[in-house]
Structures are given as C-alpha cells and as structure tokens.
Amino acid sequence: MKTPVVGYIILALLSLSFLFALSQINLLPQSNSDVKTKPSLEALQTAIKILNNCYQRANFVMNNNHVLLHNQIPKIIHQNKVEESHANYKAHRTWKDSHPFWEHKAWTDEDNDALCKDEFPKLYSRYKSLPTTKKQELARFLYMYKFGGIYVDTDVVCVKTNRPLNFWGGAILASMSSKSFDKKDNFNIPASWLASVPNHPLWKYTIDYLSDPKVDIQSTPTSVLLFEAYTQFSKKNHNQTVHLLDPGHIFPYDWRAYENGGDLCSIDSKNFNQDKCIEKFQSHQLLAIKFWPKNPIH
C-alpha cells in the first residue's frame with residue numbers, strides 16, 4: 001500500500017529549506033534588531049539554487065509515490081438516497097458525521113437515469129432495461145468518471161475519516177482478501193467502496209466494457225464486472241495510477257472465509273454484534289467496514 005506520508009515529509013523539508021534560504025539572504029528576523037544587512041547578489045543566487053534543488057527533489061519523490069497534490073480526489077461522497085426510517089440510515093450518517101465539510105450527494109433512481117441518459121448514451125441503451133437495483137449498482141461507475149470523489153454503499157460504516165486518501169490522486173479500489181479464488185467467482189475487489197479523481201481512464205474503460213453487448217451486465221455480480229474491467233485495464237494501461245488498498249482498510253474480513261469474522265460481523269449471523277466486530281478488526285489502518293450478509297448479491 002502506497003502512502004501519502006512521504007508527501008507531508010517532503011513538504012516539511014521544503015518549508016525548512018525555504019527558511020534556510022531566507023536565512024542566507026538575511027530576511028529572517030534577527031536577534032539583534034540593530035544589525036541590518038543588505039542581501040548580496042551571491043546570497044540571492046544561493047537561496048534560489050537551494051529552493052530550486054529542493055523543489056526538484058520533492059517533485060520527483062511525490063510523483064514517484066503518486067502523491068499528486070495538484071490532482072486530489074474531490075471531497076464528495078456519493079451514496080444512494082436513504083430515508084431516516086431506512087435500516088441503513090445510521091450507517092449512512094457515519095459518513096456525514098466523519099466528513100462534515102464534504103459535499104454529500106444522495107442519488108435517486110431518477111438522478112441515475114438522467115445521468116446515464118445524458119452523459120453515457122451508449123451504455124444507456126442497455127442500462128434502461130435493467131432492474132432498479134442493478135441500475136443503482138452500475139451508476140457508481142458513472143459517478144466516479146463524471147465527478148470523482150468517494151462512492152460508498154449505504155450499509156458501509158465509516159470508522160474514521162477517509163480524508164488522507166484524497167491526496168493519493170488516481171483511482172483507488174479496496175481488496176478484500178489476499179487469497180486467490182477462482183476467477184469466475186472473484187469478489188475480491190468489492191464495488192461497495194470506490195474513490196477517484198474525475199475522468200480517470202479506468203472508469204471510461206469500465207463504462208465501455210459494460211456497454212459491450214457481449215458482457216452480461218444483468219446477471220453478473222457488479223463486483224465481478226469491476227474485477228474483470230480492472231484486470232483488463234491494468235494489462236493495457238501500466239502507466240495509469242490505480243491504487244489497490246490492502247485488505248483491512250475497508251473490508252477487514254472476507255465473507256467467503258466465514259470463520260475469520262463472519263460469526264460476529266455477518267448481519268445474517270445470530271451472534272452479529274457491530275461494536276464487537278469493529279473492535280475485533282480495529283487498527284490504525286481501518287477506515288470503514290461492511291457487515292456482509294453470508295451471500296452478498298454484489
């Protein structure tokens with residue numbers, strides 16, 4: 001897992017270098033206010049060289065660690081609209097509470113239909129005949145491409161702010177297991193949480209993939225569709241920034257390995273306990289958690 005911490009370190013070094021450069025041309029406050037010196041041309045040139053050299057090094061390190069401060073993920077959280085009476089409303093509220101200054105977009109079925117029809121007409125010819133639930137599942141990819149931000153299912157609980165991920169840029173997916181499963185049954189990159197800058201080519205590729213009449217978008221689980229699109233995209237686009245979060249950041253347990261947490265964490269279990277489940281997997285890296293049913297539909 002790549003981390004933006006190096007970006008903060010580099011920015012701190014830049015600040016220190018800036019202060020050092022100022023000290024070289026006597027622009028910092030002096031302890032003896034009576035001593036006033038005029039910076040020489042040589043001192044100015046030295047300060048400029050220091051700043052330029054540090055900037056070049058910082059830019060190289062940040063680019064090679066995908067810390068794209070100029071291309072951050074927007075502070076937008078996309079979810080399906082839920083009413084206060086809905087069972088998922090409490091989980092939905094955790095995202096607002098943890099991200100109070102972000103834009104929260106609650107999408108309705110009418111919103112989804114209009115977005116697909118107006119912006120993605122090629123996909124809409126297939127989309128319009130799908131069941132409502134499937135439309136909701138596919139619309140998340142449209143949000144990512146058109147607007148960017150973070151998409152999250154309404155039953156995913158936010159444990160702590162996802163703000164640090166905004167600095168990563170690119171697109172971010174979250175893996176659920178380090179185990180290898182049969183490709184035909186691979187839910188290892190759930191579509192329940194996604195993050196991205198707008199117009200990322202991964203989502204363009206995914207939307208084109210879904211628009212292909214040869215792809216069965218109605219009966220194939222959405223996470224499997226995402227996995228297939230991501231796998232194909234990665235083979236053809238090695239230079240594009242797509243981060244894959246390690247297991248434990250968003251999906252700390254695998255619903256296919258029930259013995260590793262399903263008894264406490266599955267909403268279908270008679271022993272389900274949300275607080276104890278979070279406590280079981282609580283760590284500095286846990287950002288959110290989904291309480292899977294035993295057989296998720298997507």
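Before any of the text, the structure's been laid out above.
Residues numbered from 1 in each chain as written. Predicted model: local features only at pLDDT ≥ 70, side-chain atom pairs only at ≥ 80, totals over all residues. Heavy atoms only, no water.

Caption draft 1: The overall build of the protein, seen in detail. Check the secondary structure of the protein and you find 10 helices and eight strands. Counting the 298 residues in the protein, one finds 46% classified as buried. As displayed, the protein offers around 15,700 Å² of accessible surface, 52% of which is attributable to carbon and sulfur atoms. (Helix = DSSP H or I, 4+ residues; strand = E, 2+ residues; numbered from the N terminus. Buried < 20%, exposed > 50% of the residue type's maximum accessible area, 1.4 Å probe, protein only. Areas by Shrake-Rupley, 256 points an atom, 1.4 Å probe, with all protein chains shown as cover.)

Caption draft 2: Inspection of the environment of Leu165 at higher detail. Take Leu165: it is sitting in the loop between β4 (156-158) and β5 (171-174). Between the C-alpha atom of Leu165 and that of Ala195, which follows or precedes it by 30 residues, the distance is 8.4 Å. With sequence-adjacent residues up to four places away left out, Leu165 is seen in contact with Ile73, Ile172, Trp193, Leu245 and Leu287. (Contact = heavy atoms within 4.5 Å.)

Caption draft 3: Highlighting the side chain of Ser192. Positionally, Ser192 belongs in the loop between β5 and β6 (193-196). By relative accessible area, which is 0% here, Ser192 ends up buried.

Caption draft 4: Representation of the pairing of strand β2 (residues 103-107). Summarising the sheet, strand β1 (residues 76-80) and β2 pair through five bridges and their orientation is parallel. For Ile77, the partnering residue across the bridge sits in β2 and is His104. The β-α-β motif built from β1, the intervening helix α3 (residues 89-98) and the parallel element β2 has right-handed crossover chirality. (Pairing = 2+ DSSP bridges. Right-handed = clockwise from strand over helix to strand, strands pointing away.)

Caption draft 5: Local environment of the pattern of salt bridges. Counted under the stated rule, the structure contains seven salt bridges. The closest approach of N and O atoms between Glu137 and Lys134, which form a salt bridge, is 3.8 Å. You can see Glu137 and its partner Lys134 sitting in helix α6 (residues 132-146), three residues apart, about one turn around the helix. Two residues, Asp155 and Lys290, come together in a salt bridge whose shortest N-O distance is 2.7 Å. Of the two residues, Asp155 sits in the loop between β3 (149-152) and β4 while Lys290 sits in strand β8 (residues 288-290), which places them 135 residues apart along the sequence. (Salt bridge = Lys/Arg side-chain N within 4 Å of Asp/Glu carboxyl O.)

Caption draft 6: Representation of α3 in the model. Those residues of α3 lying buried are Ala91, His92, Thr94 and Trp95. Seen end-on, α3 carries its buried residues on one side only, within an arc spanning 145°. Exposed and oriented more than 90 degrees from the buried face of α3 are Lys90 and Asp97. On its buried face, α3 sits against β1, β2, β3, β4, β6 and β8. (Arc of directions from axis to C-beta.)

Caption draft 7: Geometry of the state of the cysteines. For the structure on display, the rule yields one disulfide. A sulfur-sulfur separation of 1.9 Å characterises the disulfide bridge that pairs Cys265 with Cys277. Measuring handedness by torsion sign, the sulfur bridge of Cys265 and Cys277 sits at about 105° and is right-handed. Of this pair, Cys265 sits in helix α9 (residues 262-265) while Cys277 sits in helix α10 (residues 274-281), and the two are 12 residues apart along the sequence. On the basis of relative accessibility, which here comes to 0%, the residue Cys265 falls in the buried class. (Disulfide = S-S within 2.5 Å.)

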